[in-house]
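# Summary of the model geometry
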Amino acid sequence: LEKYANLKLDAHYTGSDAVWASSNESVATVHGGIILALDIGSTEISVTVGEETAKCTVTVKATANYPALVLSQTEVEVLKTKTKTVVAELKVSGSEILSKDFVSYEYKSEDTTIASVSQEGVITGVGIGKTNVIVSAKYANKTITEKIAVDVKENVEILFKKSSEICYSRRN
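Structural notes, computed from the coordinates.

About the cut-offs
- Residues numbered from 1 in each chain as written.
- Predicted model: local features only at pLDDT ≥ 70, side-chain atom pairs only at ≥ 80, totals over all residues.
- Heavy atoms only, no water.
- Helix = DSSP H or I, 4+ residues; strand = E, 2+ residues; numbered from the N terminus.
- Contact = heavy atoms within 4.5 Å.
- Phe/Tyr/Trp six-rings, centres within 6.5 Å; stacked < 30°, edge-to-face > 60°.
- Buried < 20%, exposed > 50% of the residue type's maximum accessible area, 1.4 Å probe, protein only.
- Core = buried A, V, L, I, M, F, W, Y, C linked by side-chain atoms within 4.5 Å.
- Pairing = 2+ DSSP bridges.
- Axes fitted to C-alpha atoms, helices over the stretch in contact; angles between N-to-C directions.
- Salt bridge = Lys/Arg side-chain N within 4 Å of Asp/Glu carboxyl O.
- Polar contact = N/O pair within 3.5 Å; in protein donor to acceptor, adjacent residues only side chain to side chain.

With that out of the way, let us pick up the environment of Ile-40. Here Ile-40 is to be found in the loop between strand S4 (34-37) and strand S5 (41-49). Expressed as a C-alpha distance, the spacing of Ile-40 and Glu-2, which sit 38 residues apart in the sequence, is 8.3 Å. Excluding its chain neighbours within four sequence positions, the residues that come into contact with Ile-40 are Val-27, Val-60, Lys-61 and Ala-62.

Quick look at the packing of aromatic side chains now. In this structure the tally under the stated criterion is one aromatic pair. Seen in terms of ring centroids, Tyr-4 and Tyr-66 are 5.5 Å apart; in terms of plane orientation they differ by 55°. Their pairing is tilted. Of this pair, Tyr-4 sits in the segment before strand S1 (6-8) while Tyr-66 is found in the loop between strand S6 (52-60) and strand S7 (67-71), placing the two residues 62 residues apart along the sequence. Residue class for Tyr-4 comes out buried when judged on its relative accessible area of 5%. For Tyr-66, a relative accessible area of 48% gives the class partly exposed.

Turning next to the nonpolar core. Counting 29 residues, the largest nonpolar core has Ile-123, Tyr-139 and Ile-148 as its most contacted members. Looking at this core, the elements that each hand over two or more residues are S4, S7, strand S8 (75-79), strand S10 (88-92), strand S13 (115-117), strand S15 (129-139) and strand S16 (142-153). Beyond its immediate stretch of four places on either side in the chain, Ile-123 contacts Val-76, Val-78, Lys-82, Thr-83, Lys-84, Val-86, Ala-115, Ser-116, Val-117, Val-133, Ile-148 and Val-150. Judged by nonpolar contacts, the second largest core, of twelve residues, contains Ile-45, Val-49, Val-58 and Val-60.

Another aspect to go through is the sheet that holds S4. One open sheet holds the three strands; their spatial order is S1-S4-S3, and the pairing between them is antiparallel. The sheet is open, and its two borders are formed by S1 and strand S3 (28-31), each paired with just one other strand. Across the sheet, the mean angle separating the axes of adjacent strands is 20° when strand polarity is ignored. Bridging between S1 and S4 involves three bridges; their strand directions are antiparallel. Bridging from a neighbouring strand, Leu-7 pairs with Ile-35 of S4.

With that settled, consider the environment of Lys-100. One can find Lys-100 in the loop between strand S11 (95-96) and strand S12 (104-109). With ten residues separating them in the primary sequence, Lys-100 and Leu-90 have C-alpha atoms 9.6 Å apart.

Moving on, we get to the pattern of salt bridges. Applying the stated rule across the entire model yields five salt bridges. The closest approach of N and O atoms between Glu-44 and Lys-55, which form a salt bridge, is 3.7 Å. Within this pair, whereas Glu-44 is found in strand S5, its partner Lys-55 is found in strand S6, the two being separated by eleven residues in sequence. Two residues, Lys-91 and Glu-89, come together in a salt bridge whose shortest N-O distance is 3.8 Å.

Read from one edge of the open sheet, three strands run S7-S10-S11, paired in antiparallel fashion. Pairing within the sheet leaves two strands with one partner each, and these edge strands are S7 and S11. Where S7 lies against S10, five bridges are found, and the strand directions are antiparallel. Note that in S10 the partner of Leu-69 across the bridge is Leu-90.

This next bit is on the side chain of Asn-6. You can see Asn-6 is positioned in strand S1. Within the structure, Asn-6 has its side chain in polar contact with the backbone nitrogen of Leu-98 (distance 2.5 Å). Excluding its chain neighbours within four sequence positions, the residues that come into contact with Asn-6 are Ile-34, Ile-35, Leu-36, Glu-96, Ile-97, Leu-98, Ser-99 and Tyr-139.

Glancing now at unusual backbone geometry. A positive phi is found at Tyr-4, a non-glycine position, where the angle reads about 80°. Positive phi outside glycine occurs at Asn-141, with the angle close to 60°. When you line up the elements, Asn-141 lands in the loop between S15 and S16.

Any link to function would need more than the numbers given here.
What follows is the structure in structure tokens.
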């Protein structure tokens, strides 16, 4: 298994719940049968159901494939008081992470007087101007960070009156 990769193991059983474990959590961890390779080395992965235990050895090797944080948008224009959502997804070798338990995301606005952001990636225009939202993903003892450029524009209404015609423009 290459470092940063994840792999699903299948255990076929009836009755009790399966309990998964790794003998060396610094090399690889396991949750619900999904292994996450953390560092170079070997570990024993076991699954116990009732009185029965099955084991396998997992060897983690070096890799040239590193996790990448992919954003649905890297530049966002949002009107004051309105929202836009940016989705972050961590990938390794172009593939999704099999278990969301292995990844945690954090969104942070560099200037909350211009834009705020929720931990679900919802950006809200607060004041007119430009700022950045920093998205961080923690995975396999690494933190990967990307930046979203945010431009908050005024939510404007313009009313023109020309003789008997009325022209109306609204931006929101």
